[in-house]
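Each chain, letter by letter, is given below.
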Amino acid sequence: MQDSIFLKIIRREIPATIEFEDDEVIAIHDINPVAPIHILIIPKKLIPTANDIQPEDAPLVGKMFLVAKQIAAAKGLSERGYRLVMNVGKDGGQTVYHIHLHLIGGKALPFATA
Ligand code: AMP
């Protein structure tokens, strides 16, 4: 059976700072933040990469964005803005093969093309 570091966090086998959790999604503080606010929004279902998202996952993936928006609002980021990123595969810089949205904010972010 496939496993991931995020499943270990969900099962409380590895500690994390949890920002939000319900039966479908967990949001944790990134262990290596690149900005004052860096939170990962993770589905509890293990989907390895964006390439593996199926049509039936659309509500779950949509919910990841709704949770991100909610956390951004709670952190006071809605007006000033923030970045939502999903890295995909090796060239995309993905290191954990369990999809997650990075919510990054709290400072002006340089435009990144690569
Ligand atoms: P990515 O490179 O897009 O796959 O993002 C993986 C992210 O997970 C990186 O930003 C890591 O810093 C973060 N990360 C890895 N292990 C942990 C952990 N145990 N707790 C919190 N964040 C983690």
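As a reminder, the structure under discussion sits directly above these lines.
Here's what I pulled together on the structure shown here. (Residues numbered from 1 in each chain as written. Predicted model: local features only at pLDDT ≥ 70, side-chain atom pairs only at ≥ 80, totals over all residues. Heavy atoms only, no water.)

Time to look at the environment of Gln94. With respect to the element layout, Gln94 can be found in the loop between strand E4 (82-85) and strand E5 (101-105). Residue Gln94 is classed as buried on the basis of its relative accessible area of 6%. Residues Gln94 and Asp30 lie 64 residues apart in sequence; the distance between their C-alpha atoms is 14 Å. Non-local contacts of Gln94, meaning those with residues more than four positions away in its chain, are made with Pro48, Thr49, Asn87, Val88 and Gly89. Polar side-chain contacts of Gln94 include one of 2.9 Å to the backbone oxygen of Pro48. At 3.0 Å, the side chain of Gln94 and the backbone oxygen of Val96 are in polar contact. (Helix = DSSP H or I, 4+ residues; strand = E, 2+ residues; numbered from the N terminus. Buried < 20%, exposed > 50% of the residue type's maximum accessible area, 1.4 Å probe, protein only. Contact = heavy atoms within 4.5 Å. Polar contact = N/O pair within 3.5 Å; in protein donor to acceptor, adjacent residues only side chain to side chain.)

Turning next to the pattern of salt bridges. Going through the model one piece at a time under the given rule, you end up with nine salt bridges. Salt-bridge contacts for Lys75 lead to Glu19; the nearest nitrogen and oxygen are separated by 3.1 Å. Taken together, the residues Lys75 in the loop between helix H2 (58-74) and E4 and Glu19 in strand E1 (residues 18-21) connect sequence positions 56 residues apart. Since its relative accessible area comes to 32%, Lys75 is described here as partly exposed. Across the pair Asp57 and Lys45 runs a salt bridge whose closest N-O atoms are separated by 2.5 Å. Separated by 12 residues along the polypeptide, Asp57 in the loop between strand E3 (37-43) and H2 and Lys45 in the loop between E3 and H2 bring together distant segments of the chain. Accessibility expressed as a relative area gives 3% for Asp57, which makes it buried. Owing to a relative accessible area of 41%, Lys45 belongs among the partly exposed residues under this scheme. (Salt bridge = Lys/Arg side-chain N within 4 Å of Asp/Glu carboxyl O.)

Take a nonpolar patch on the surface next. Taken together, Phe65, Tyr82 and Leu84 make up a surface patch of nonpolar side chains, about 250 Å² in accessible area. Looking at where Tyr82 falls in the secondary structure, it is placed in strand E4. You can call Tyr82 partly exposed: its relative accessible area is 32%. (Patch = residues over 30% accessible without salt bridge, like charges linked within 9 Å, V, L, I, M, F, W, Y side chains within 5 Å. Areas by Shrake-Rupley, 256 points an atom, 1.4 Å probe, with all protein chains shown as cover.)

Nonpolar side chains in soluble globular proteins tend to be buried together. Counting residues in each nonpolar core, the largest one holds 18 residues, and the members touching the most others are Ile39, Ile41, Ile71 and Leu103. The set of elements that each furnish at least two residues to this core consists of strand E2 (25-29), E3, H2 and E5. One finds Ile9, Ile28, Ile42 and Val96 within the second-largest nonpolar core, a separate group that totals nine residues. (Core = buried A, V, L, I, M, F, W, Y, C linked by side-chain atoms within 4.5 Å.)

Okay, the pairing of E1 next. Where E1 and E2 come together, three bridges link them in antiparallel fashion. Along E2, the bridge assignment pairs Glu21 with Ile26. Linking two consecutive strands that pair antiparallel, namely E1 and E2, is a turn of three residues. (Pairing = 2+ DSSP bridges.)

Another point: the sheet that holds E4. Backbone hydrogen bonds hold the strands of a sheet together, and the pairing may be parallel or antiparallel. Across the sheet, which stays open at both edges, the five strands sit in the order E1-E2-E3-E5-E4 with antiparallel pairing between neighbours. At either end of the open sheet lies a strand with only one pairing partner, and these are E1 and E4. Strand-to-strand twist across the sheet, computed as the mean angle between neighbouring axes with direction ignored, equals 15 degrees. Two strands pair when backbone bridges link them, and E2 and E3 are joined in this way by five bridges, in the antiparallel orientation. When the bridges of E3 are listed, Ile28 appears paired with Leu40. Packing against the sheet, H2 makes contact with E1, E2, E3, E4 and E5, and its axis sits at approximately 155 degrees to E3. (Axes fitted to C-alpha atoms, helices over the stretch in contact; angles between N-to-C directions.)

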